[in-house]
Structures are given as structure tokens and as C-alpha cells.
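Residue-level structural notes
Next come the chains, spelled out residue by residue.
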Amino acid sequence: MGRKYFGTDGIRGRVGQSPITPDFVMRLGYAAGTTLVARDQLPAGDHPTVLIGKDTRISGYMLEAALEAGFAAAGVDVMLCGPMPTPAVAYLTRALRLQAGVVISASHNPFDDNGIKFFSAQGTKLPDVVEHEIEARLDQPMVCMDSAQLGKARRVDDAAGRYIEFCKSTFPNDLDLRGLKIVVDSAHGAAYHVAPSVFHELGAEIVDVGGAPNGLNINDGVGATAPAAVRRAVTEARADFGIALDGDGDRLVMIDAAGELYDGDRLLYVIARHRAKSGQVEGVVGTLMSNLGFEHALSRLGIACGRAKVGDRYVLEMLQARGWVLGGENSGHIICLDRHTTGDGIIAALQVLAALRADGETLGSACADLTLYPQRLINVRMQAGFDWASDNGIRTAVTEAESELDGAGRVLLRPSGTEPLLRVMVEGQDAAAVTRHSELIAAAVRAAASD
């Protein structure tokens, strides 16, 4: 059964355009609230309680108020924690024994986008069946509970401190970060007031970048999707590492002292390689976008590699199905299920740094046996509902690429789950062929989309 509003990571769009409007978000809060009331068997007189967090977008104020109103109308109590990373909301929902957590964020998107995503009481993304139930309730009239049954709201004043201590608890007690200078780029986003403190309290000297949000500058030339800023800061400060998060704090890329960028595949490899030395890892879950070189390097270590659909929710589902704990995406979403229930940029960085400190290595030496194949990704804008899979021109371009790659590479076309884009990816050992075929396929998509 298809979903009308929910994508791979909640509901997302341009603020002021459907569905990211105050009236829809209020109805969404009501629909989610009535779903919780119907599903949770609480003692008589108790209200379900949800936690609402957000990133630093100016629209977060408006959407937070709309969500709060919808939940209250459904008889659900609300706890507000203000700007907090997405994984912090997942942790706090579980730690406070709440029925659900809600994050108002569009992650790495520009400030004029926003979105809503939900976490279960266990701190994991909502199952598809619950999202379907919420969508079904969106089509029903919105009514208020009797006044005596309306929900209440209060603020969680110690949310940041709780999360900082949780992050630090995932780092080995016998290690610290003393002697390291680290650039921390929070993308002017939700982690701006927690990420620098985590690394500083573990002993590192911190250079703060992207830590001055104004409601409009989230992800603007900073953060994981614009790593030039953290690279420049590492060079200028002569730092040992750069850590760049995205706007909601669940994505990570790192920079070493030489200015080299390490994406999610390489960082996940560092963690897996370290754990393999003590037999702590049986397999790692990547996605369809994970580099072939990453898969081959894991194989040489005797580590199995699974490929899930793109989206951290699908990585998590495969991890749970196989009983593994490490997974992630090359975009920088890294999940360590023995540390947290969801992907967390700060915790992933701590696991990388712990591996390097324990083994006495640099990022470069830890990745010496990992050679990534040339990979080219082109995003092509398209209209919703465009049937790209049936177009003869696109199929011909893909067939020609696969024929030339002859098993030494891959072609992957997939629609974005959060934007009206078709992602065209070509990967192989021959960089020139990868570039040529990715551009030819992208051109075929543009031609078909414009017809």
C-alpha cells in the first residue's frame, strides 16, 4: 500500500506549500495523537505523552505550535525540548518512557524547507503500518476532546545536558580526546549547542564552526553537505580532525589534518575494521548506494555486507532482521545499534575517534586497505509521477552503460524519497566511463522528463 504523505524520512516539503502548512501540520498532530490514544493501553485518566524537538529553521516555531495544538486536541500531552538533534529526540523519547517523539526538521535541506518525522516509544522510526494508520486518520474530521481531556504542554529544560551525557557514555571509559584539536561544524543546525560540548568534555580543544544559527542559515555553506567550510577551518587552525554534521545532527563526514574528506562508507569501514580485530562484527549493512570498493574491503576482512534500500530506516530494518549492529549510508548516516537506536552523527564520530585512539592510527592509515571505485551521482529534477522506468531512451542509455561496464561496475536509478528528483548513479573502475555514462543517462532523463 502506497503512502500519500510519508516518504523515506517522514513528511517533507517547502514551507507554506502542501503539506508543510500550519493547518495540515495541526491535523497531522491530531491524526498522530488519535492513533496513539487508540493504540496505547494506558491506565484510566493517563494521557499519552509525546516529545517534540526541532532544528533551527525559523518555520519551526510555527510548525511546533501547530503540532502542539493538534496533539492537545486529541488528548495527548506534549513535552517541548526546543532545538535538538534528531537522534537526541529518539534517545529522550526512550529515556523518558514516552509514547512517541516528533522532530520538526528537513535535515540537510535549505531553510525554507521543513518536515515532520516520528519516533516510536523505543526510539526507532515508526513502522510503515503506523504511518499508514496516521495517514488514514488524516482523512477523518478533526474534533476536540472534551475540555477536561485536552492535552497539556511543558518544556524539558535539561534536554541538552541529558543528551550530552548520553553521547559521552558511548565513548570508552579508558580513552579520552586530550591532545586533539577538533573543528566541529554543526551546520548552524540542531546540534549547535550540544556537539561542541560533547567533544570538549572528553578532552579535545574545539574550534566551533556553523554554531551561530539565525533561523535562515541552516546548512548554508556549512555542515556535512558543504564540507569546504570545515576543511578550510581544519587547515587554518592546524587541527587534527574536522567533524561536520548536517542540520539535524544525524549525518556525519570527517576531515583529517591533511584536508582529505571521509564519507560514510570510509567512516563505517574504520569502525568495522577496528571491531573486527576483536571479533565484534559479523556483518555490516550498507545501501544500494554504498561503494563497491567498500563491499570488497569488508569481504577481505571476513565481514559480510548486506545492501538495503536507500534510507536509514531500511538499513535499520535489515540490521534488526540479521541481528547485526553496524550499518549506514555513504551520505554519512551511520547506525551503531549497540550504542543508539538510530543514526547519530555525534555518536558515529565518537566511534571513529575511539577506534583511532585505541589502535594508534590516523584516518588515512585506517582506510589504507579501502579503495573506493569512481562513482558519479547526478540529481535530475522531474515532475511527480513521471514514469521514468518505462521510457525507451532512458532504458537504452542504461543498457549501453551496463554493457560497457561488463560486470565491473553498477548503474542505479532511483527517485529521491524527500525531493522531486531522480538520482542517477554510475560506478565502476574506469573513471572516464563512469563520467560519460552518468552524463548520458542524466541527459536521457532530462529529455524524457521535458517531453
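Residues numbered from 1 in each chain as written. Predicted model: local features only at pLDDT ≥ 70, side-chain atom pairs only at ≥ 80, totals over all residues. Heavy atoms only, no water.

**Comments concerning the pattern of salt bridges**
- According to the stated counting rule, one finds 31 salt bridges in the structure shown.
- The residue Lys-168 makes a salt bridge to Glu-201 at a minimum N-O spacing of 2.7 Å. Taken together, the residues Lys-168 in helix α5 (residues 159–169) and Glu-201 in helix α6 (residues 195–201) connect sequence positions 33 residues apart.
- The exposure class assigned to Lys-168 is buried, which follows from its relative accessible area of 17%.
- Owing to a relative accessible area of 41%, Glu-201 belongs among the partly exposed residues under this scheme.
- For Asp-338, the salt bridge goes to Arg-275, with nearest N and O atoms at 2.7 Å. Separated by 63 residues along the polypeptide, Asp-338 in the loop between β15 (334–336) and α11 (345–359) and Arg-275 in helix α8 (residues 264–276) bring together distant segments of the chain.
- Judged by relative accessible area, Arg-275 falls into the buried class, the value being 5%.
- One salt-bridge network, held together by shared partners, links Asp-9, Arg-12, Lys-117, Lys-125, Asp-248, Asp-250 and Asp-312. (Salt bridge = Lys/Arg side-chain N within 4 Å of Asp/Glu carboxyl O. Helix = DSSP H or I, 4+ residues; strand = E, 2+ residues; numbered from the N terminus. Buried < 20%, exposed > 50% of the residue type's maximum accessible area, 1.4 Å probe, protein only.)

**Considerations on the packing of helix α1 (residues 22–39) against helix α4 (residues 128–138)**
- Remark: α1 packs on α4, axes separated minimally by 8 Å, with the N-to-C direction vectors making an angle of 120°. When the axis of α1 is compared with that of α4, the two are oblique. Between α1 and α4 lies a crossing whose hand is right-handed. Residue-level contacts link Phe-24, Arg-27, Leu-28, Ala-31, Ala-32, Thr-34, Thr-35, Ala-38 and Arg-39 of α1 to Val-130, Glu-133, Ile-134, Arg-137 and Leu-138 of α4.
- When the residues that make up the contact of α1 with α4 are grouped by side-chain class, the tally is eight nonpolar, two polar and four charged. (Axes fitted to C-alpha atoms, helices over the stretch in contact; angles between N-to-C directions. Parallel < 35°, antiparallel > 145°, perpendicular 65-115°, else oblique. Left-handed = near helix turned anticlockwise from the far one by under 90°. Contact = heavy atoms within 4.5 Å. Nonpolar A, V, L, I, M, F, W, Y, C, P; charged D, E, K, R; others polar.)

**Digging into the packing of aromatic side chains**
- As enumerated under the stated definition, the model contains three aromatic pairs in all.
- Relative to Phe-118, the ring of Phe-6 lies with its centre 6.1 Å away and its plane at 50°, an arrangement referred to as tilted. Here Phe-118 lies in strand β5 (residues 113–120) and Phe-6 lies in the segment before β1 (11–14), a separation of 112 residues in the sequence. As far as burial versus exposure is concerned, Phe-6 and Phe-118 are alike and both buried.
- Ring geometry for Tyr-91 against Phe-166: centres 4.0 Å apart, planes inclined by 10°, an arrangement best described as stacked. One end of the pair, Tyr-91, is in helix α3 (residues 86–95); the other, Phe-166, is in helix α5, with 75 residues separating them in the sequence. Accessibility classification places Tyr-91 together with Phe-166 in one group, the buried group.
- For the cation-ring pair, Lys-54 lies above Tyr-61, with the distance from its terminal atom to the ring centre recorded as 4.0 Å.
- Above the plane of the ring of Tyr-314 lies Lys-309, whose end atom (NZ or CZ) is 4.2 Å from the centre. (Phe/Tyr/Trp six-rings, centres within 6.5 Å; stacked < 30°, edge-to-face > 60°. Lys NZ or Arg CZ within 6 Å of the ring centre and 35° of its normal.)

**Quick look at the layout of surface pockets**
- Approximately 890 Å³ is the volume attributed to the largest pocket.
- His-108, Arg-251, Asn-330, Ser-331 and Leu-377 are the residues nearest the centre of the largest pocket, which is lined by 36 residues in total.
- When residues of the lining of the largest pocket are traced back to their parent elements, those giving at least two are β16 (375–381) and β18 (421–428).
- By residue number, the principal contributor to the lining of the largest pocket is β16, which donates three residues.
- A per-class count over the lining of the largest pocket returns eleven nonpolar, 15 polar and ten charged. (1 Å grid on protein atoms, 1.4 Å probe; cavity = no way out; pocket = protein on both sides within 12 Å on 5 of 7 lines; lining within 4 Å. Points joined across faces, edges and corners; volume = space filled by probe spheres on them.)

**A short note on the packing of helix α13 (residues 392–405) against helix α14 (residues 431–450)**
- The contact between α13 and α14 brings their axes to 8 Å, and the two run at 170°. Considering their axes alone, α13 and α14 lie roughly antiparallel with respect to each other. Residues Gly-393, Ile-394, Ala-397, Val-398, Glu-400, Ala-401 and Glu-404 of α13 form the contact with α14, whose own contacting residues are Ala-433, Arg-436, His-437, Leu-440, Ile-441, Ala-444, Val-445 and Ala-448.
- Within the contact of α13 with α14, the residues separate by chemical class into ten nonpolar, two polar and three charged.

**Observations regarding the sheet that holds strand β17 (residues 409–415)**
- Reading across from one edge, β16-β18-β17 is the order of the three strands in this open sheet, with antiparallel pairing throughout. Lying at the two open borders of the sheet, with one neighbouring strand each, are β16 and β17. Strand-to-strand, the axes of this sheet are offset by a mean angle of 10°, without reference to chain direction.
- Pairing geometry for β17 and β18, over seven bridges, is antiparallel. Bridging across to β18, Leu-412 finds its partner in Met-425.
- Across the sheet, α13 is in contact with β17 and β18; its angle to β17 comes to roughly 155°.
- Where α14 meets the sheet, its contacts fall on β16, β17 and β18, and the angle it forms with β16 comes to roughly 10°. (Pairing = 2+ DSSP bridges.)

**Remarks on a nonpolar patch on the surface**
- Together, Ile-58, Tyr-61 and Leu-216 make up an exposed nonpolar region whose accessible area comes to about 330 Å².
- Positionally, Leu-216 belongs in the loop between β8 (205–209) and α7 (228–237).
- The exposure class of Leu-216 is partly exposed, given its relative accessible area of 41%. (Patch = residues over 30% accessible without salt bridge, like charges linked within 9 Å, V, L, I, M, F, W, Y side chains within 5 Å. Areas by Shrake-Rupley, 256 points an atom, 1.4 Å probe, with all protein chains shown as cover.)

**Some remarks on the pairing of strand β10 (residues 252–256)**
- With respect to burial, β10 is a largely interior element, five of its five residues being buried.
- Of the two faces of β10, both are covered, the one formed by Leu-252, Met-254 and Asp-256 as well as the one formed by Val-253 and Ile-255.
- With two bridges connecting them, β10 and strand β11 (residues 261–262) associate as antiparallel partners. Residue Ile-255 lies in a different strand from β11, and its bridge partner there is Leu-261.
- Counted along the chain from β10 to the antiparallel partner β11, the turn is four residues long, and its residue Gly-259 has a positive phi close to 90°.

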